[in-house]
Each structure stands twice: as structure tokens, then as C-alpha cells.
Amino acid sequence: MIVLNIGTMKNIVIPKPSSESLIAQLGSLYSVLKNVNFGERLEFDLSSLDWVIPLLILPISAYINETQSKFRIDECSIKGYLEKISFPRGVSSISSFQRQIQKHKSYIPISILDKKEKIDRERLEALFSEKIFKTLGNVAGAQNAICYPIAELVTNIFEHSKKDSGFIFGQFYSTKNYLDICIVDCGRGLTKTYKEEKGLILTDAEAISEAMKGNSVKKDKERGYGIRTSKNIICKAFKGGGFILLSGSCALVSVRQKEKLVSLPNFYWQGTIITYRIPKPTASIDISSYIE
Amino acid sequence: MKTKKSQNSATIKINKLLAPIISSRDVAEVLEDTIKKTDNKSVVLDFSNVKFISRSAAHALLLLKEKFESKVLNKKELSFINADNDVAEMLRIVAANRAFPRVKKPEFNPEKTDITSLLKEATA
């Protein structure tokens, strides 16, 4: 990554991702936002990109929207693609989502979900899920398996982030037969949520661990399942799926049946980023044993 | 209000109020307002054309059912009809978990590493 200081705004040249693996995507995000003070206005230069990955493009979109940062795509060879996915502003209404998918049939736009618009937000989320479902094809149980993690993880954002908006984006790789989904918020993150709701002083790694153990900040004992069950559906029900949850300066990486808590020195994301990969299902999927 | 009244009960068609994929706990809030406005003692929630309900939404809906059924004033019985297999199964799983909550907390023992080591290992 090349960082130039132009006046008071840092210019960040976004490098080409080294590969499409989830771990490489995390590496790309880390290299772009390392040494950034979250909230400072930046200028993102996307000129050298010739393809994008959700774990890079969605957090950058969210960051631009959150901080009113600038971006440069005029000399970018995938400028057309970025416009088709509505980078960076996204779409936030049902009509604009429908217009975009009507116009650019094989592209899923970046969607911004608004907490206050309860019914319309659910309808926009439903359109997103249905588009993903249609893209991945119809095998028995696929709709449940696709909708479950989207619903639970987006719900989690609105219940805990204390922010009014969340971002979601998906990209299907037709030659590789898998789909990446990314969900982002710029809210208070897991560590601050545990501190403010339960008085627990935790590191980012400890906060992620508590979330994965089902330690809900809500009173109901049957709550706190959303993230863990979603991860299990992604990684186990979809055989070969992978999952990353990042909050603050730590990420949980769950790929190929291995789980790692990864520290991200000199990096801080205020909020939560979740990305996951699901292979296109070829046989029926039953998620009931993972729901708990 | 999208309700259909019979002699003893009011039927609420959920798909007229909510998205076909029901995700959030807000479902309870929206339905509660509609149910309160009915003057029947029995309210039927019709799930026709609902394609999916999340675990969170199913949990909120079951809590709402308990809330109305345990009221002293304005008590109402809630029942569910026309749920497809997946929606019905989700409601059953969540109801079972509510009746018999899991006692043991799940284990979570990930390996700890840093991003540099992870990237090195991934490219090795």
C-alpha cells in the first residue's frame, strides 16, 4: 500500500488483492487500513484495481460513507463494474435495488439497510436474500441455509451496533461456483457492547470469544445464538464454507475446519465486519441440526 | 389494518404486513400493534407466502404469543396457520429451546495468531 499525505488528507492507493482466498482478502483489508486512525478522512485511490473482493470493497464503501472520505476511480479499469454495484454510496431503497438489478442483471448492488425503516429494511434485505438465492440455484433447503446467516447477522448489527445503518454486499464467482457475502457496520463493536451492556472489560479477542460462546448482552437466556449458529451453517452445512468476523483489532478466521483468533496490530475497525464464503450447493442442505 | 374477522377470531395475513423473508425481531413490534387493534379474543397469524423466518424473529414471535396469552386485561390466544415446513420447523426448534434451554455453554478454543503469521502460513 502506498500512503501519501496530500494536505491533511491521507491518500491511500489500494493494491490489487493477491488472491481471492478469504485469508488473502483479510490481508488486503489489513494492508489498506493499517495505521489509519478510524474516522480520519482519507482519499482512496482505486486506480490500480482490476478486480475487487467484498471484504475490501464493502468496508471501504462503509468507511467513505461514515467519514465522508473521498475516492478516485476515474482511471480504474473496473470503473464500470464499480458503478454497476453502486460503489460507494450503495442503494438504500427497494425501488433503487430493483432498478439496479433490472439494469445490471448479474450484479448485486451494495445495499445500505436503515434501522429506522423497519418494514422497508426487511423488504430490501428480503430482495437481497432472494437475489442471492436465485444466483445460487434451487436445491432443497438452500433458501433456509442462505437466508439464515444473512438474517441473523444483519439482525445482530441492528441490535448491538447502536448505528442506524448497516452495509451488505455479495459477489458470485461464476467460474469458481462460490459466493462471497460481506456485512459491515461502523458501530460500537463487540468490546464496547459488552462493556456498555454488561460492564465487562474485555479485549477484542475476548469479546469475539464471548460472542462465539453465546454470551448474549440481552437478558433472555435463549439469545446469543445468532453468530455461532450462522458460522456453523456457513462452515458445516455448506461444506467448504469459510467465515471471518472482525471487530476492533482482532478477527476470527474459520476456514477449512480450523479456527484462529488473529490479532491485527496497528489496525482498528470501529464496528464489526463479517464476511463469508459459501460454495454453490449441489445437494440438499438441512440446517436444522445447526440451529440449536 | 390487514385483518379478516370471523365470528370468534381475527386472521392477520403476515405477508401483507411484512417481507416474505422475516429476519428481525421488529416483527413482534409490528404484529403487536396490529393484534392490539383487534377486539377478538382469538387471533390467527396466517403465514401463507412467508418463505423464511429467522431464529430471532421466531423467538420474538413466540415471546409475543406468551405475552398476549398471559395478559389479564386484553388477553388473546394466538395461533399460527399455513406455515410451510421450513417456517414451522424453525418455530418448533425455537419453542423447544425455550422449553428446554441448553445448559452447557458451547466450547470455543481457537488457535491464537497474528496477521503476519497467518498470511505467511496461507502462502506457504
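Keep in mind the model is a prediction, meaning the values are calculated, not measured.

## A short note on the overall build of chain A
Piece 1. When helices and strands are tallied, chain A shows ten helices and eleven strands.
Piece 2. Relative to the globule expectation of 19 Å for 292 residues, the C-alpha radius of gyration of chain A, 18 Å, shows essentially globular dimensions.
Piece 3. Taken along the three principal axes of its C-alpha coordinates, chain A extends 55 × 45 × 35 Å.
Piece 4. Of the contacts formed within chain A by residues at least 6 apart in sequence, a portion of 67% connects residues at least 24 apart.
Piece 5. Across chain A, the mean location of the 40 positive side-chain charges is 2 Å away from that of the 30 negative side-chain charges.

## Digging into the overall build of chain B
Piece 1. The helix and strand tally for chain B stands at five helices and seven strands.
Piece 2. The order of helices and strands in chain B, counted from the N terminus, is β-β-α-β-α-β-β-α-β-α-β-α.
Piece 3. On C-alpha atoms alone, chain B measures out to a radius of gyration of 20 Å, which is more than a quarter above the 14 Å that the 2.2 N^0.38 rule sets for 124 residues.
Piece 4. The principal-axis extent of the C-alpha atoms belonging to chain B is close to 70 × 30 × 25 Å.

## Some words on the side chain of Lys260 of chain A
Piece 1. Considering the arrangement of structural elements, one finds Lys260 of chain A in strand 10 (residues 258–263).
Piece 2. Exposure remark for Lys260 of chain A: the relative accessible area of 6% places this residue in the buried category.
Piece 3. A polar contact is formed between the side chain of Lys260 of chain A and the side chain of Glu121 of chain B, at a distance of 2.8 Å.
Piece 4. The residues touching Lys260 of chain A, leaving out its near neighbours within four places in the chain, are Ala251, Leu252 and Val253 of chain A together with Pro110, Glu111, Thr113, Leu118 and Glu121 of chain B.

## A closer look at empty space enclosed by the protein
Piece 1. With the rule as written, the count across this model stands at two cavities of 30 Å³ or more.
Piece 2. Together, 24 residues line the largest cavity, and Asn156, His160, Ser216, Gly224 and Tyr225 of chain A are the ones closest to its centre.
Piece 3. Contributing elements (two or more residues each) for the lining of the largest cavity: helix 6 (142–160), helix 7 (189–198), helix 8 (204–213) and helix 9 (226–237) of chain A together with helix 3 (55–69) of chain B.
Piece 4. If you tally residues by element for the lining of the largest cavity, the top one is helix 6 of chain A, at five residues.
Piece 5. Of the residues assigned to the lining of the largest cavity, the class counts are six nonpolar, ten polar and eight charged.
Piece 6. Roughly 120 Å³ of internal volume is contained in the second largest cavity.

## Quick notes on the environment of Ser174 of chain A
All names here are of chain A.
Piece 1. Here Ser174 shows up in the loop between strand 6 (165–173) and strand 7 (178–185).
Piece 2. Look at Ser174 and you get exposed, because its relative accessible area is 55%.
Piece 3. Considered as a pair, Ser174 and Leu136 are 38 residues apart in the sequence and their alpha carbons are 9.6 Å apart.

## Topic: the interface of chain A and chain B
Piece 1. At the junction of the two partners, chain A supplies 44 residues and chain B supplies 41 residues.
Piece 2. Taken over both partners, the interface formed by chain A and chain B buries close to 4,100 Å², and the fraction arising from carbon and sulfur atoms is 59%.
Piece 3. Linking chain A with chain B are six salt bridges.
Piece 4. Across the salt bridge formed by Glu29 of chain B and Lys118 of chain A, the nearest N and O atoms sit 2.4 Å from each other.
Piece 5. Ranked by residues supplied to the side of chain A that touches chain B, first place goes to helix 5 (residues 118–136) of chain A with nine residues.
Piece 6. The residue inventory of the side of chain A that touches chain B, partitioned by class, reads 17 nonpolar, ten polar and 17 charged.

## Quick word on the nonpolar core
Piece 1. Formed by 85 residues in total, the largest nonpolar core has its most connected members in Phe243 and Tyr276 of chain A together with Leu31 and Leu45 of chain B.
Piece 2. For this core, the element with the most residues is helix 6 of chain A, which contributes eleven residues.
Piece 3. Setting aside residues no more than four positions away along its own chain, Leu31 of chain B makes contact with Ile12, Ile14, Leu17, Leu18, Leu45, Leu61 and Leu64 of chain B.
Piece 4. Ranked by size, the runner-up nonpolar core spans 53 residues in total, among them Val52, Ile53, Leu82 and Ile85 of chain A.

## Focus: helix 2 (residues 54–67) of chain A
Piece 1. Look at helix 2 of chain A: 19 Å from first C-alpha to last across 14 residues, which is about the 20 Å you get at 1.5 Å a residue.
Piece 2. Along helix 2 of chain A, 13 of the 14 residues are buried, which leaves the element largely enclosed by surrounding structure.

## Some thoughts on the sheet that holds strand 7 of chain A
Piece 1. With mixed pairing, the eight strands of this open sheet are ordered in space as 5(A)-6(A)-7(A)-11(A)-8(A)-9(A)-10(A)-7(B). Pairing within the sheet leaves two strands with one partner each, and these edge strands are strand 5 (111–114) of chain A together with strand 7 (111–114) of chain B. Going from strand to strand, the sheet's axes swing by 20° on average, the running direction of each strand aside.
Piece 2. When strand 9 (residues 250–255) of chain A meets strand 10 of chain A, the two strands line up antiparallel, connected through six bridges. Paired with Leu252 of chain A across the strands is Leu261 of chain A, a residue of strand 10 of chain A.

Calculation criteria
- Residues numbered from 1 in each chain as written.
- Chains lettered and ligands numbered in written order.
- Predicted model: local features only at pLDDT ≥ 70, side-chain atom pairs only at ≥ 80, totals over all residues.
- Heavy atoms only, no water.
- Helix = DSSP H or I, 4+ residues; strand = E, 2+ residues; numbered from the N terminus.
- Rg over C-alpha atoms; globule rule 2.2 N^0.38 Å.
- Contact = heavy atoms within 4.5 Å.
- Lys, Arg positive; Asp, Glu negative; His and termini not counted.
- Charge placed at Lys NZ, Arg CZ, Asp CG, Glu CD.
- Buried < 20%, exposed > 50% of the residue type's maximum accessible area, 1.4 Å probe, protein only.
- Polar contact = N/O pair within 3.5 Å; in protein donor to acceptor, adjacent residues only side chain to side chain.
- 1 Å grid on protein atoms, 1.4 Å probe; cavity = no way out; pocket = protein on both sides within 12 Å on 5 of 7 lines; lining within 4 Å.
- Points joined across faces, edges and corners; volume = space filled by probe spheres on them.
- Nonpolar A, V, L, I, M, F, W, Y, C, P; charged D, E, K, R; others polar.
- Buried area = accessible area lost by both parts, 1.4 Å probe.
- Salt bridge = Lys/Arg side-chain N within 4 Å of Asp/Glu carboxyl O.
- Core = buried A, V, L, I, M, F, W, Y, C linked by side-chain atoms within 4.5 Å.
- Expected span 1.5 Å × (residues − 1).
- Pairing = 2+ DSSP bridges.
- Axes fitted to C-alpha atoms, helices over the stretch in contact; angles between N-to-C directions.

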